[in-house]
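Residue-level listing of the chains:
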Amino acid sequence: MIKEYIGLNEISGSLVVLDGVKNAGYEEVVEFNVTNGERRRGRIIKIDGERVVAQVFEGTKGLSLTNTATVPTGRPMELALSGEMLGRVFDGTGRPIDGFGEIYPEKTADINGSAINPVSRIYPRNYICTGISSIDALSTLIRGQKLPIFSGYGMKHNELAVQIVRQAKITGASEKNFAVVFAAMGVKNDVADFFRRSFEESGVLSRVVMFLNLSDDPIIERTITPLCALTAAEYLAFEKNMHILVVMTDMSSYCEALREFSSSKGEIPGRKGYPGYLYSTLASLYERAGMIKGCEGSVTQIPILTMPNDDITHPVPDLTGYITEGQIVLDRALDGEGIYPPVSVLPSLSRLMKDGIGEGFTREDHPALANQLFAAYAKVQDAVSLASVIGEDELSETDKLYLKFGREFENRFLRQGMNENRSIDETLDLGWEMLRILPESELDRVSSYDLLDRKRNILIRETMGLIDSAADIRSRIAESYRVAYQALEEANMSMGIVDEFAAFVPVENGLTISSRSVMGVEIPTVSLDPVPTDNYFGFRR
């Protein structure tokens, strides 16, 4: 039986207090009917006997102790779910805001989700290609993983999030069974417009489900936004058998909302004022990623958070690092140099990377190459520190090569255009080109066979490039000959030497391209034929 409670006992900020409420449930949704016909929603956040405290989603402005009637619904906060969610934009509580009307739900589900049985989990394998070299090569994102991005205020994490959404793809998955759930929390209007416009212009909005919570929206909505996003992701992954990438930004805004919410309830604060249950709350979100036996779909998470004062020991990144399987850290010094994306290689890692790369996944040389690039870049930092003390001129030749490697690595490997989508082969080949700067004696993380094999492949690629250039030059020369020959024939006709055009016989420049097989690999060869041609622009030799 539905009961309606007339009036309120207390109003404090966005909280209201009611007495005499029987059989209430924690996090039960309630409806507030105002005498002017307005209807608002809220959620019970505290129960003390028959006294309950409810948070009003839309705020308490316009409510009074006498003009409001409260109706408990007897149900938790639920989200309407359907395959029609793809390509739609919702607010933080799951209501459509794109002007295309309501969706027709196939089912509704509790946004708090249900815990995944650890026994039914599948160990994450196979990589997700983001098209970004610094991530794909050195901190590879694995399907079913949770890999956060640690950024700072004013850095280009929003642009990076858009690029990942636009370029991400899973090996073996098509556009029909791969989608992205994007949740933005506490963002400004211009940032929200940037996300929507970027997805629309790049043509990926049709496979994106967006949840937008703006900075002027109620904080209670901000605490619900990631729950709605993950509920939609679980539905698409485990019931529609899709591979879902969940990008959530900014988790720091979510945690700030939790802190403000906790303070309004009068709870005892923990580190830096955050509630003592911050760790368990974050874990309840991050642990909703993964794969389940018997389901073809998967949920992969990329939470993005900003570190106050770039402090990685701040409670939010600190606790996030404990729960997740690695992190990608953005560096303000690289950002100041104009390098995008400014990924700091040394503190970044992907703990599941080793099981999702190599032969059968990316390429057989990927693990050794990643280890060597990481080790070499670590020595670059040692060389930079030494140069700051004794000067670059006093460094050994090897240290000078490391400085050169560091500059090339940052400007060619890390630096990448916002619309540049590199394949995994392009990324790994570029990594081998970087290692060519260093002497072989310093490459102690790769085998001699891999080194010789990469050298051979690089030489073959350079030779093929030269052949392509030679073929292009040859075609341009032939075209110049044709134009000159036509002009000569026109001159002959105007002088009455010939009555009609002679058939054009292109000059043979003697360039011959062939190949020979060496150890099963076709090696291109180029030769020049010294025999002159008989016909040279209509003149006999």
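Residues numbered from 1 in each chain as written. Predicted model: local features only at pLDDT ≥ 70, side-chain atom pairs only at ≥ 80, totals over all residues. Heavy atoms only, no water.

> Can you lay out the overall build of the protein chain for me, pointing to particular residues and giving the numbers?
Along the backbone of the protein chain there are 12 helices and 26 strands. Taking all 541 residues of the protein chain together, 50% fall into the buried category. Counting only contacts in the protein chain whose residues sit at least 6 apart along the sequence, the fraction spanning at least 24 positions is 70%. (Helix = DSSP H or I, 4+ residues; strand = E, 2+ residues; numbered from the N terminus. Buried < 20%, exposed > 50% of the residue type's maximum accessible area, 1.4 Å probe, protein only. Contact = heavy atoms within 4.5 Å.)

> Quick rundown of the packing of helix α2 (residues 157-167) against helix α3 (residues 189-202)? Include the residues and the values.
Here α2 crosses α3 at 25°, and the two axes come no closer than 10 Å. Between α2 and α3, the angle falls in the class roughly parallel. The handedness of the crossing between α2 and α3 comes out as right-handed. Between α2 and α3, the residues in contact are Asn158, Glu159, Val162, Val165 and Arg166 and Val191, Phe194, Phe195, Ser198, Phe199 and Ser202, respectively. Per-class residue counts for the contact of α2 with α3 are 6 nonpolar, 3 polar and 2 charged. (Axes fitted to C-alpha atoms, helices over the stretch in contact; angles between N-to-C directions. Parallel < 35°, antiparallel > 145°, perpendicular 65-115°, else oblique. Left-handed = near helix turned anticlockwise from the far one by under 90°. Nonpolar A, V, L, I, M, F, W, Y, C, P; charged D, E, K, R; others polar.)

> Describe the packing of aromatic side chains, and please don't skip the residues or the numbers.
Counted by the stated rule, this structure contains 8 aromatic pairs. Geometrically, the ring pair formed by Phe195 and Phe199 is stacked, given 6.5 Å between the ring centres and 20° between the ring planes. Of the two residues, Phe195 and Phe199 are both situated in helix α3; the distance of 4 residues between them amounts to about one turn of the helix. Grouping residues by exposure puts Phe195 and Phe199 together as buried. Arranged with centres 5.0 Å apart and planes meeting at 40°, the rings of Tyr377 and Phe409 form a pair that is tilted. Note that Tyr377 is positioned in helix α9 (residues 366-390) and Phe409 in helix α10 (residues 397-414), a separation of 32 residues in sequence. Across the pair, exposure class does not vary: Tyr377 and Phe409 are buried alike. Through successive ring pairs, a cluster of aromatic residues spans Phe182, Phe194, Phe195 and Phe199. Across from the ring centre of Tyr274, 4.3 Å away, lies the NZ or CZ of Arg259, which sits over that ring. Looking at Lys265, its charged tip hangs above the ring of Phe261, at a distance of 4.7 Å from the centre. (Phe/Tyr/Trp six-rings, centres within 6.5 Å; stacked < 30°, edge-to-face > 60°. Lys NZ or Arg CZ within 6 Å of the ring centre and 35° of its normal.)

> Got a sec to walk through unusual backbone geometry? Specific residues and values, please.
The peptide bond linking Thr249 to Asp250 adopts the cis configuration, its omega dihedral lying at 5°. Among the secondary structure elements, Asp250 is positioned in the loop between β18 (243-249) and α5 (251-264). Residue Pro341 follows Tyr340 across a cis peptide bond; omega there is -10°. Inspection of the secondary structure assignment puts Pro341 in the loop between α8 (332-336) and β22 (343-350). Notably, Glu27 is not glycine yet its phi reads approximately 65°, a positive angle. Relative to the helices and strands, Glu27 resides in the loop between β3 (15-18) and β4 (28-34). Phi is positive for Asn309, which is not a glycine, with a value near 60°. Here Asn309 is to be found in the loop between β20 (298-306) and α7 (315-323). Classification of Asn309 as exposed rests on a relative accessible area of 77%.

> Explain the side chain of Asp335 residue by residue, including any values.
Mapped onto the fold, Asp335 is located in helix α8. Judged by its relative accessible area of 16%, Asp335 is buried. Setting aside residues no more than four positions away along its own chain, Asp335 makes contact with Met155, Lys156 and Pro342.

> How would you sum up the sheet that holds strand β7 (residues 68-76)? Please name residues and give values.
Strands sit in the order β1-β7-β4-β5-β6-β3-β2 across an open sheet of 7 strands; the sheet is antiparallel. Of all the strands in the sheet, just β1 (5-6) and β2 (10-12) have a single pairing partner and so form its edges. Bridge count for β4 against strand β5 (residues 39-48) is 5 bridges, and the pairing is antiparallel. Note that in β5 the partner of Asn33 across the bridge is Arg39. (Pairing = 2+ DSSP bridges.)

> Give me the lowdown on a nonpolar patch on the surface, citing residues and values where you can.
On the surface, Leu386, Val389 and Ile390 cluster together into a nonpolar patch covering about 260 Å² of accessible area. A relative accessible area of 67% places Val389 in the exposed class. (Patch = residues over 30% accessible without salt bridge, like charges linked within 9 Å, V, L, I, M, F, W, Y side chains within 5 Å. Areas by Shrake-Rupley, 256 points an atom, 1.4 Å probe, with all protein chains shown as cover. Salt bridge = Lys/Arg side-chain N within 4 Å of Asp/Glu carboxyl O.)

> A description of the pattern of salt bridges should follow, citing residues and the corresponding values.
Applying the stated rule across the entire model yields 32 salt bridges. Across the pair Arg259 and Glu256 runs a salt bridge whose closest N-O atoms are separated by 2.5 Å. With Arg259 and Glu256 both in helix α5 and 3 residues apart, this pair spans about one turn of that helix. A salt bridge links Glu442 to Lys379, with the nearest nitrogen and oxygen atoms 3.6 Å apart. Pair noted here: Glu442 is in the loop between α11 (424-435) and α12 (448-494) and Lys379 is in helix α9, with a separation of 63 residues, a long-range link. By relative accessible area, Glu442 is classed as buried at 18%. Owing to a relative accessible area of 33%, Lys379 belongs among the partly exposed residues under this scheme. Through salt bridges that share partners, Arg121, Lys146, Glu287 and Glu325 make up one connected network.

> Can you explain the pairing of β20? Please cite residues and give values.
For β20, the buried fraction is high: 9 of the 9 residues fall into the buried class. The alternating pattern of β20 places Ser298, Thr300, Ile302, Ile304 and Thr306 on one face and Val299, Gln301, Pro303 and Leu305 on the opposite face, and all of these are buried. Taken together, the 3 bridges between strand β14 (residues 149-151) and β20 define a ladder with parallel strand orientation. Bridge pairing in β20 places Ser151 opposite Thr306.

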